[in-house]
Amino acid sequence: MNIKILAYTALTLLTSACGGGGGSEDGSNKGKETEEVIVNQQGTIAISGALEFGANLEAKITDPDGITNISNATYQWQRNAVDIAGANSNSYTLTMADFNQVLNIKVTYVDDKGFSNSLTSLQTAKVPAIDFIGTLSIKGKAEQGQTLNVELLDDNGIDLNQAIFTWFTDDSVINGQTKQALTLTPELVGKTISVQVNYTDQHGFNDTLTALQTIAVAPSSEPLQHPIIYTTDSERSLMLEKIEKYDWAQNVFQHLKQTVDAKIAIHSANPEAIINAIPELASDSHGSGGADKAASLHQEVLATARNAATLYYLTRETKYAKYGADIFQAYIERLGPLSPQTTSISGDVFYDARAGYPALALTYDFLYHYLNSSGTKVYSKKKDTNIPFDNDLAQKAMTNMVGNVLQEYGKPDRHGRVVSNHPILTATGALYTILCIDDQDERNRLFEVFWETGTFHQSSFTKTILPIFGEQGIWPESLSYSFMGNISQILNIVDRIYPEMDVTQEYKNILEGNFLFDYLRSPNRIFVRFGDSKRYNDSTGQLYLYTLDIAKRKGYTELAQKAQLALKQASDAKGGQLPTLKESTFGTDHSLKLFWGQPLSEQLEGSIDFEKPTVIIEHAGVALQRNSVANNNVDYGLTGIIGGAHYVHSHATGISMELYGANYFMAANGGMPVSVADRKLPEHAEYFRLYAGNNTVVVNGTSHGKQPGSWTSNGYLWQDTSKNIAAEPAHLQDPINPNYSFATQRLDDTVNNAEQERTLGIIRTSEKTAFYFDMFRSRSLGDNKFHDYIYHNIGDETVISDHTGELSLTSTDRYDNDIDDPVGSPGWRFFEQEQVTAPTTSAVNIQFKLHHNQRSMNLFVPDGVEREYTYALAPATREAKNGYVKKKTQTIAIRQQGEAWERPFIAVLEPSTTYQSSVTSVTQLSQDGRVVGAKVVSNVNGNEIINYIINHDDPKATYNNNALGLSFTGRYAVVTDRGGDDVELYIGEGTQLQYGKHHASAGSSD
């Protein structure tokens, strides 16, 4: 017994009482003349000893009549005047029962004169209590799924219901855990558990004790508890609460019911009707023709089974379980007897692993306990009757599906393929089925292959897939592929089930990267496009959903706040309307919004500025420039991108350009066709993916990509990456002046033995007027024969004119050729009805008219360099609106003989909501035979505005124009002269800018 405090108090107590004696009945001595009178003299009793726990108290009798035979005395110790059982000697040892109590003793004896005596002592003072140190220990198995209990002992006694427990993981408090027991959830795996208790014992002492569980929590040694993939049984009440409280959750719930309720009614009456409608399974998974269509047909069935299983989890209604179970049985009857090599649903594992296998695994996961309950029967198509469910057959089918995705029987490999997105797209098919394997050792082995080792078919996550994301945290592909929601989804699932791996902390850059896409929208909220990309694919909501769920669970406060703001802004942009949910073959399972969706905080404040002027996408070599206005940004805001690189689904374009204006993507990049089959058409492979299908510059008529290193076979798409060498503002920063911004991309082109630099600037002259400044420097490192500036614009009519009027055109076949590589680079054989102007050094204005709503793009080329302008029609612009997706694209090719570095291409491009342009003229600025910029004159609301734009290739170069009083040292600057003293100086990159009496230097606010 440990004692915290000892308080010693010595005291002696004396007490006396009366006893009886001899003599006659009336007390007289009659008849005894000389008889001695004997009187009983009172004795006393004394208690000695300290009043403290464990001390001995001793009672000592003193009697004047003597007490020689003390052994015949009887003793009885009392506590609060009540006899203490067994306390019958002249001594007594103080116990805990005496704390805060008083003691006394009663004694009877016969003295030496024969008198019988009975004495009772006075009561002692209260025996002081002592604060004993209690003992605290943690009992239970330190393993996921087990429960730890606190054993608390205190000799003073304790009411455990009044004790306050605080549980810790390592050094952090486990929020909400204040009871005596702690269930070890997945996120506690790998952590050391301790507990602290604060309590008041039954003697009023307040104590705080701490106990440590010295062994880290281990993963569960039991089979996984189903469901496990999306959610768990312990979370079911939370899901039901969401459905009850939030319209977005109710929307998902109703969608699930709408997809299955009518089919369940049919199935209940006639099971054969649904089961017999299931398409035949393919004989193997080797990519036979029609697999995409077969996958779609199977997914129509399997999605209903998955949704029914989900509804059973939520409602516990057996009609949903029976429907899902019967469809599940129909598939495992066919898949179970096969081998991993022969297992298939659609005929192509790429489709099965993305659609069929995940749906089957989720159905099994949600129905696992139902299926394995005693007496459960499922409909067997094979036997045309209900039969007992055979879990061994289900396990064999799951094993076959896992094996078919991992393909451990395939060729030797080290961690999988680098240049492919397939292992990401098929990852759910692998992971979900792995989590359905009952055998723990085999499940762990398969997960190790999936996560760490990898195979040729299914790349290692840690060694191959996740490291590819890089610092920006986005998958390096064309934009619409780059979302890759599968990654955040899998990180969330793995972290939920294997929290000891702490994968979300290690790869937090991916969660941060999920926000980058929203910066890549045009003013009408449609995405810019580079590579094989589709503008209208938008997975940002999905990414924010996953990010918020992870952040809330892991305590990433700032990330959670950011995800909530992004979700709120997305909802506000759509008017707050609930989305219409539709099933698709490879689309997101909508139930995830229910399982992982989080209510947005009502106290949510602030916003994310997704309209930053400069955005750099490093893997794609892309720089975005944006200029927004407060009113009617859709019509008057500008967004453009320049860049190019090799990545999965890239195009071979050099430094291409895309421009938005007047609510159109006027000048679009090549993009992607509607269907997978169309990707193989010559129009895509030999035009849109190549230089001529994009807005770029072709060197010597031969610019091309190469095959070695190309992401696709026979694509000839590998090119060097263009890099951002200058920008103001920098990536995601605020501008020094909202009217100006610029970015410069450089390409050291080893494929074409050339070097190129392209600068895209934006200059705003009023709330409704602004223009792009495009300067493209290009030269071959060998012979410089000629350069072609290729530009495409949607529209119905193109007018090419100079100061004398519209220029005459004559037919030409100069673009009816290629370099005779397998893809016909540079791709301009697809130009039609080519007509060319005579060579001219005059300034040229090219207007592209959109008859649909009288909008236009106005392109101005300054004077001074001899060029020829070819007009052509090219294949229709993909995803163009208002019917332009079906119209040939208006195209201009500007040919310049020799190099284009000292005499770069300059284009001023102004979108307009009418056929009128505020820009009236553009002339070149040059020095010592080098073109360094342009003078742009505009008429805005009757006022003349002159912009001098200077763009050097050397950040230390100086331009002097004495006639204008203009001097600039640096890379990029703009002077805006509105007349008089209304002058604005902007230095994008440089040290000093002088214009007349006006001067600015780097860092100044002039």
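Residues numbered from 1 in each chain as written. Predicted model: local features only at pLDDT ≥ 70, side-chain atom pairs only at ≥ 80, totals over all residues. Heavy atoms only, no water.

**Considerations on the overall build of the protein chain**
At step 1: Looking only at helices and strands, the protein chain features 20 helices and 44 strands.
At step 2: In terms of overall size, the protein chain is more extended than a compact globule, its C-alpha atoms giving a radius of gyration of 44 Å where 1006 residues would be expected to give roughly 30 Å.
At step 3: Principal axes of the C-alpha set define a box for the protein chain whose edges measure 175 × 90 × 50 Å.
At step 4: Burial analysis of the protein chain (1006 residues in total) assigns 56% to the buried set.
At step 5: Taking contacts inside the protein chain between residues at least 6 apart in sequence as the whole, the part at least 24 apart equals 68%.
At step 6: Accessible surface, the protein chain: about 41000 Å² in total, of which carbon and sulfur atoms supply 48%. (Helix = DSSP H or I, 4+ residues; strand = E, 2+ residues; numbered from the N terminus. Rg over C-alpha atoms; globule rule 2.2 N^0.38 Å. Buried < 20%, exposed > 50% of the residue type's maximum accessible area, 1.4 Å probe, protein only. Contact = heavy atoms within 4.5 Å. Areas by Shrake-Rupley, 256 points an atom, 1.4 Å probe, with all protein chains shown as cover.)

**Let's talk about the sheet that holds strand β32 (residues 832-836)**
The pairing of strands in a sheet happens through backbone hydrogen bonds and is either parallel or antiparallel.
At step 1: Pairing in this open sheet of six strands is antiparallel, and the strands run β23-β28-β36-β35-β32-β31 from one edge to the other. In this open sheet, the two edge strands, each paired with only one partner strand, are β23 (697-699) and β31 (810-811).
At step 2: Note that β23 and strand β28 (residues 786-793) share three bridges and pair antiparallel. Residue pairing across strands places Val-699 opposite His-787, the latter belonging to β28. (Pairing = 2+ DSSP bridges.)

**Focus: the pairing of strand β34 (residues 855-861)**
Regular strands have side chains that alternate between both faces of the sheet.
At step 1: Along β34, seven of the seven residues are buried, which leaves the element largely enclosed by surrounding structure.
At step 2: Judged by which residues are buried, β34 turns out to be covered on both faces: Arg-855, Met-857, Leu-859 and Val-861 on one side and Ser-856, Asn-858 and Phe-860 on the other are all buried.
At step 3: The pairing of strand β33 (residues 844-850) with β34 spans seven bridges and is classified as antiparallel. From the neighbouring strand, Lys-849 faces β34, where its bridge partner is Ser-856.

**What to know about the packing of aromatic side chains**
To describe a pair of aromatic rings, one takes the distance between the centres and the angle between the planes.
At step 1: Within the structure shown, the criterion is met by 43 aromatic pairs.
At step 2: Ring geometry for Phe-447 against Trp-451: centres 5.9 Å apart, planes inclined by 10 degrees, an arrangement best described as stacked. Remark: Trp-451 and Phe-447 occur in helix α10 (residues 440-453); sequence separation between them is four residues, near one turn of the helix.
At step 3: Residue classification places Phe-447 among the buried positions, given a relative accessible area of 7%. (Phe/Tyr/Trp six-rings, centres within 6.5 Å; stacked < 30°, edge-to-face > 60°.)

**Description of the pattern of salt bridges**
At step 1: In the structure shown here, the tally under the stated rule is 46 salt bridges.
At step 2: Lys-322 is the partner of Asp-326 in a salt bridge, and the nearest nitrogen-oxygen pair spans 3.2 Å. With Asp-326 and Lys-322 both in helix α5 (residues 318-335), this residue pair falls four residues apart, about one helical turn.
At step 3: The partner of Glu-868 in a salt bridge is Arg-814, and the shortest N-O contact between them spans 2.9 Å. (Salt bridge = Lys/Arg side-chain N within 4 Å of Asp/Glu carboxyl O.)

**Structural notes on the packing of helix α2 (residues 247-269) against α5**
Angle between the axes and distance between the axes are the two parameters that describe a pair of packed helices.
At step 1: Where α2 meets α5, the closest approach of the two axes is 10 Å, and the angle between their N-to-C directions is 80 degrees. Taken together, the axes of α2 and α5 lie roughly perpendicular to each other. Across from Lys-257, Val-260, Asp-261, Lys-263, Ile-264 and His-267 in α2, the residues of α5 making contact are Lys-319, Tyr-320, Lys-322, Tyr-323 and Asp-326.
At step 2: Along the lines of polarity and charge, the residues of the contact of α2 with α5 split into four nonpolar, one polar and six charged. (Axes fitted to C-alpha atoms, helices over the stretch in contact; angles between N-to-C directions. Parallel < 35°, antiparallel > 145°, perpendicular 65-115°, else oblique. Nonpolar A, V, L, I, M, F, W, Y, C, P; charged D, E, K, R; others polar.)

**A closer look at the UniProt feature "domain: Endo-acting ulvan lyase C-terminal" (unreviewed entry) in the protein chain**
At step 1: Taken from the UniProt record, the annotation "domain: Endo-acting ulvan lyase C-terminal" (unreviewed entry) applies to residues 919-1001.
At step 2: With 0% helix and 75% strand, the stretch residues 919-1001 has end C-alpha atoms that lie 28 Å from each other. (UniProt positions renumbered as here; feature names shortened; annotations may be inferred.)

**What to know about the domain arrangement of the protein chain**
At step 1: Partitioning the protein chain into structural domains gives domain 1 (44-120), domain 2 (135-217), domain 3 (226-468), domain 4 (475-610) and domain 5 (614-1001).
At step 2: Facing the 26 residues of domain 4 at the interface are 40 residues of domain 5.
At step 3: Interface area for domain 4 against domain 5, summed over the two sides, is near 2600 Å², with a carbon-plus-sulfur share of 56%.
At step 4: Looking at the side of domain 4 facing domain 5, the largest losses of area belong to Pro-523, Arg-529 and Asp-532, adding up to 28% of the total buried there.
At step 5: Our count for the domain 4 to domain 5 interface comes out at three salt bridges.
At step 6: For Arg-689, the salt bridge goes to Asp-532, with nearest N and O atoms at 3.0 Å.
At step 7: On inspection of domain 4 and its partner domain 5, the count reaches 20 residue pairs in polar contact (both at pLDDT 80 or more).
At step 8: In terms of residue class, the side of domain 4 that touches domain 5 is built from 13 nonpolar, six polar and seven charged. (Domains from an automatic or database assignment. Buried area = accessible area lost by both parts, 1.4 Å probe. Polar contact = N/O pair within 3.5 Å; in protein donor to acceptor, adjacent residues only side chain to side chain.)

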